[in-house]
Each structure stands twice: as structure tokens, then as C-alpha cells.
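Summary of structural features
Spelled out from the first residue to the last, the chains are:
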Amino acid sequence: MNNQYKKGVLELCVLSLLFQRDCYGYDVSELLSRHIEIADGTVYPILRKLKSDGMVTTYLSEESGGPPRKYYSLTEQGRDDFLTQREEWLAFAGTVEKILKGEHIND
Amino acid sequence: MTRSLYLDELGKHLAANNVDDIEEIIAEYDEHFERKQADGFSEEEISEGLGLPSEIAAQFESGEKARQRPAAVRTLLAVGVGFVDILAASSAIALYACVVAVAAVAFACFVAGAALIVQPFANVWFISIPSMPYGGGLLLAAAMFVLGAVSVVSTVYSFRFTRNLCSTYVRWHKIVLDGGRLPPRPVFPLFDRPRTNRRLRALMVAGIAVFIVLMAAAYVYLSIRAGSIEFWHVWNWFA
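Position numbers for residues count from 1 along each chain, tracking the sequence in the order it is written. The lettering of chains begins at A and the numbering of ligands begins at 1, in the order of writing. Since the coordinates come from a predicted model, pLDDT governs what is reported: local features require at least 70, and pairs of side-chain atoms require 80 or more to be given and counted, while whole-chain, interface and lining totals use all residues. Based on all heavy atoms of the structure, the side-chain values leave hydrogens and waters out of the count.

1. Section: the overall build of chain B
The helix and strand labels rest on DSSP assignments: H or I over at least four residues marks a helix, E over at least two residues marks a strand, and numbering proceeds from the N terminus. For chain B, the count of helices and strands is eight helices and zero strands. Mapped in sequence order, the helices and strands of chain B form the string α-α-α-α-α-α-α-α. Each residue is assigned to one of three classes by its accessible area relative to the maximum for its type, calculated with a 1.4 Å probe on protein chains only: buried under 20%, partly exposed between the two thresholds, exposed over 50%. Residue burial in chain B is summarised as follows: out of 239 residues, 24% are buried. The long-range fraction of contacts in chain B, counting pairs at least 24 apart against all pairs at least 6 apart in sequence, stands at 69%. Contacts: residue pairs with any heavy atoms within 4.5 Å of one another.

2. Considerations on the packing of aromatic side chains
Residues and elements named next belong to chain B. Each Phe, Tyr or Trp ring, with Trp reduced to its six-membered ring, pairs with another whose centre is within 6.5 Å; inter-plane angles below 30 degrees give stacked pairs, above 60 give edge-to-face pairs, and intermediate values give tilted ones. Scanning the model with the defined rule gives 16 aromatic pairs over all chains in all. With a centroid separation of 6.2 Å and 35° between ring planes, the pair formed by Trp 235 and Trp 237 is classed as tilted. With relative accessibility at 24%, the residue Trp 235 sits in the partly exposed group. Owing to a relative accessible area of 21%, Trp 237 belongs among the partly exposed residues under this scheme.

3. Let's talk about the interface of chain A and chain B
Where interface size is given, it is often the accessible area lost as the parts come together that is meant. On the side of chain B, 26 residues touch chain A, which itself brings 31 residues to the contact. Summed over both sides, the interface of chain A with chain B buries roughly 2,500 Å², with 53% coming from carbon and sulfur. On the chain A side of the contact with chain B, Tyr26(A), Tyr44(A) and Arg48(A) bury the most area, a combined 27% of that side's loss. Elements that contribute at least two residues to the side of chain A that touches chain B include exactly helix 1 (3-20), helix 2 (25-35), helix 3 (43-52), strand 3 (69-74) and helix 4 (76-100) of chain A. If one sorts the elements of the side of chain A that touches chain B by residue count, helix 3 of chain A sits on top with six residues. When two components associate, each loses some accessible surface as probed by a 1.4 Å sphere; the sum of these losses over both components is called the buried area.

4. Some remarks on the packing of helix 2 of chain A against helix 3 of chain A
Residue and element names in this part refer to chain A. For the pair helix 2 and helix 3, interaxial distance at closest approach is 9 Å and the crossing angle is 125°. Classified by the interaxial angle, the pair formed by helix 2 and helix 3 is oblique. Viewed along their axes, helix 2 and helix 3 form a crossing whose handedness is right-handed. On helix 3, the residues touching Gly 25, Tyr 26, Val 28, Ser 29 and Leu 32 of helix 2 are Val 43, Tyr 44 and Leu 47. Residues are sorted three ways: Asp, Glu, Lys and Arg are charged, Ala, Val, Leu, Ile, Met, Phe, Trp, Tyr, Cys and Pro are nonpolar, and all the rest, Gly among them, are polar. Taken together, the residues that form the contact of helix 2 with helix 3 break down as six nonpolar, two polar and no charged. An axis is simply a line fitted to the C-alpha atoms; with a helix, the fit covers only the stretch in contact. Between two such axes, the angle follows the N-to-C directions and lies from 0 to 180 degrees. Here the word oblique covers every angle except those under 35 degrees (roughly parallel), over 145 (roughly antiparallel) and from 65 to 115 (roughly perpendicular). The crossing is said to be left-handed when, going from far helix to near helix, the turn is anticlockwise and less than a right angle, and right-handed when the turn is clockwise.

5. Observations concerning helix 3 (residues 43-50) of chain B
Residues and elements named next belong to chain B. Among the residues of helix 3, Ile 46, Ser 47 and Leu 50 are the ones counted as buried. Down the axis of helix 3, the smallest arc covering the buried residues is 100°, so these residues share one side. The elements touched by buried residues of helix 3 are helix 1 (3-16), helix 2 (22-38) and helix 4 (53-58). Positive backbone phi, at 105°, marks Gly 51, one or two positions downstream of helix 3. Think of the arc as the fan of directions from the helix axis to the C-beta atoms.

6. Here's the deal with the sheet that holds strand 2 (residues 56-61) of chain A
The pairing criterion for strands is at least two bridges between them, as found by DSSP. Reading across the sheet, the three strands line up as 1-3-2 (chain A) and stay open at both edges, with antiparallel pairing between neighbours. Each edge of the open sheet is held by one strand with a lone partner, namely strand 1 (23-24) and strand 2 of chain A. Looking at chain direction, strand 2 of chain A and strand 3 of chain A are connected through six bridges and run antiparallel. Across the sheet, the residue bridging to Val56(A) is Leu74(A), located in strand 3 of chain A. Along the sheet, helix 2 of chain B makes contact with strand 1 and strand 3 of chain A, crossing strand 3 of chain A at roughly 105°.

7. Focus on the packing of helix 1 of chain B against helix 2 of chain B
Residue and element names in this part refer to chain B. Between helix 1 and helix 2, the shortest axis-to-axis distance is 10 Å and the interhelical angle comes to 155°. Comparing their axes, helix 2 and helix 1 come out roughly antiparallel. Here helix 1 and helix 2 pass one another in a crossing that is right-handed. Contact residues: helix 1 offers Arg 3, Tyr 6, Leu 7, Leu 10, Gly 11, Leu 14 and Ala 15, while helix 2 offers Ile 22, Ile 25, Ile 26, Tyr 29, Asp 30, Phe 33, Glu 34 and Gln 37.

8. A few points about the nonpolar core
To qualify as a nonpolar core, a set must consist of buried Ala, Val, Leu, Ile, Met, Phe, Trp, Tyr and Cys residues joined through side-chain atoms within 4.5 Å. The biggest cluster of nonpolar side chains holds 21 residues, and the ones touching the most others in it are Val14(A), Leu18(A) and Val28(A). The leading source of residues in this core is helix 1 of chain A, at seven residues. With near-sequence residues (within four places) excluded, Leu18(A) lies in contact with Cys23(A), Val28(A), Leu47(A), Val56(A), Tyr72(A) and Leu74(A). One finds Val19(B), Tyr29(B), Leu50(B) and Ala57(B) within the second-largest nonpolar core, a separate group that totals 16 residues.

9. Considerations on helix 3 of chain A
For helix 3 of chain A, the complete set of buried residues consists of Val43(A), Tyr44(A), Pro45(A), Ile46(A), Leu47(A) and Leu50(A). Taken from the residues just after helix 3 of chain A, Gly54(A) is the one with a positive phi, measuring 85°.

10. Side note on unusual backbone geometry
Residues and elements named next belong to chain B. The backbone of Asn 18 shows a phi angle near 60°, a positive value even though the residue is not glycine. With respect to the helices and strands, the residue Asn 18 is situated in the loop between helix 1 and helix 2. Judged by relative accessible area, which is 34%, Asn 18 ranks as partly exposed. Positive phi, close to 55°, is recorded for Asn 236, a residue that is not glycine. In this structure Asn 236 comes out as exposed when scored by relative accessible area, which is 55%.

Here is the structure:
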């Protein structure tokens, strides 16, 4: 699969996971790399870029019996942007599916 | 590759790419090793799964240490941009004035159309439509309403166009003065191309065509009724 294509979609997937609940970076990485053919290390740069874009923020949580670990969570802006982009993607993917199956598309 | 070797390599490549916060990034990958090993993977397997350190490092954005320009350059830039600002502001005012003008056209069309329809029934002081056969009045009114509708759409689109132009300019202004440190807006290049509304475009073209046809029909009708091509002379419109 084309690399550029995957990268944009991966950001959307990361946002979606964080939309459902705050996660450790490791959890996001594991969940995605289990289902999609990507290198395990690909998710961390994405998380970092989302953070520097203001979509995502981090906080430390005190774990009993261990060092504090970093949680990722969506910002207000991240939520809004994610919801918009999810709609666009779903509409796009729906159309693509119809085209690939040779079905008729309603304009 | 062993864990420590991997993290070392990663650190070197990140430094080579001038990435910010290298320690924080390494710590994250260190934790990744930690958790994976707890799940029973070997260091070798984890390294394989992560991908090459050089490739991973390439995916991080290189931070630009805030370039401090010399004060002289910054002042010169500010003055220069200031002059362009004046130019841009006056252009923006002119463009918005055009938007207002188009809106005025829309308003005038609807008022004229309404007046043409109402004319024989209401003797209102501010309606001064020249007298003409009602059929001609109706045709002209229809033409006015169509033109009005086209003008409304034009107003909306010219307003959006001007507004986008202005926000592009503001963004450019900030980037020049900030030395390009604005956070990039999230972009999904696959999905961000503006889509032309083809149906609306076809409707607009049709609208203009209908307007022309209606005006021509009105002219023909009025000429026939007046018995002359210059029906406005026959009826003393401009006496």
C-alpha cells in the first residue's frame, strides 16, 4: 500500500482511538500495529506531530508501584477537527467502496 | 539489534536531523521496549518490529531553533511588511465594497420585481414604475427576480472569496514576521481539495440565460403592444 496514503489515514486512526479514551502511547501503537501493516515505531512520531499541532495533549499519571506514565488525550480542537475529518473520510471511503465494487453512485 | 544499541542509533539519527526533545522521544521508545519485553518479546524481535532507527528518526519533524534575526533585519522587514499591509488593506476595502455593490444589485432587483408586479394595484408614493401593459410588466418582473437570485449567489461567493483572500494575507503577514514558526494546520492532502459545486454553476449559467431570454421577451412584447420598436417613446417614459 502507498506510504503517503497510509500516513494521512494513520493520523485519523490515532485521533479516533484517543477520541474514545485517553491512552498511553504504547497502547495506541500496539492497537494499530496489530491490525494494520505498519512498523511499530511509526505511531510515536504521529503522536508527537499531533501534539505539536495542538490536536493532542499529554499528562502524567501516578501509577501505583512504578514511575509516572504519560497519557495522551485529545484537546478541544482535536475533538472538533477529528469529527469533521471523520465525516469527510467516511463519505470518501463510502464512495470509493462503491466505485471499486462497480456499483452505481448517486450524485 | 539490542535495546541499548537501537536507542543509541535512534538518538544519533534524531540529533543528525536536528529534532527537538530527543530525550523525551528516546524515553518513549525505551518504554516501548520495556512493555514489549514484559509481554515476552526478545530485544531482537522488538527492534525488527520497530523498523530501522534511521527511518524512524526521519519521521520526526526537525525543530528549527528559533532563528533570531538581527534587529536591523527585523525592523526592515516590519517596515516593508507595513507598506504591503497598507496596500492590502486598501485592496480589501475595495473588494468588500464590490461585494456590497453586488448585494445592492440583488436587493434592487427584488424591489424592482415586486414593484412591477404590484404597480397597477397599489398607488404607493415610492413606486414610480412607468406605465406599461401588465404582460410586459410581468415579464420584466420575472427577469428581475431571476437576476436577483443570481446576484444573491454571486454576493455569497464573492464575499467568501474576499474573506479567504484576506485570511491568506493575514497568515502570510504572520509567517513573514514570525520567521515561519506558525504551527502548520493539519492537512489531509487527499481530502482537502476544494470541490466546485457543479450543480450550482450550471444553475447560475441557466439563470443568466433565462434572464436574457425574459428581457428579450419583454422587449418584444412591449414593442408589439406599442406598435413601435422604441416603445418608451410611444408611452412617453422619459418625457
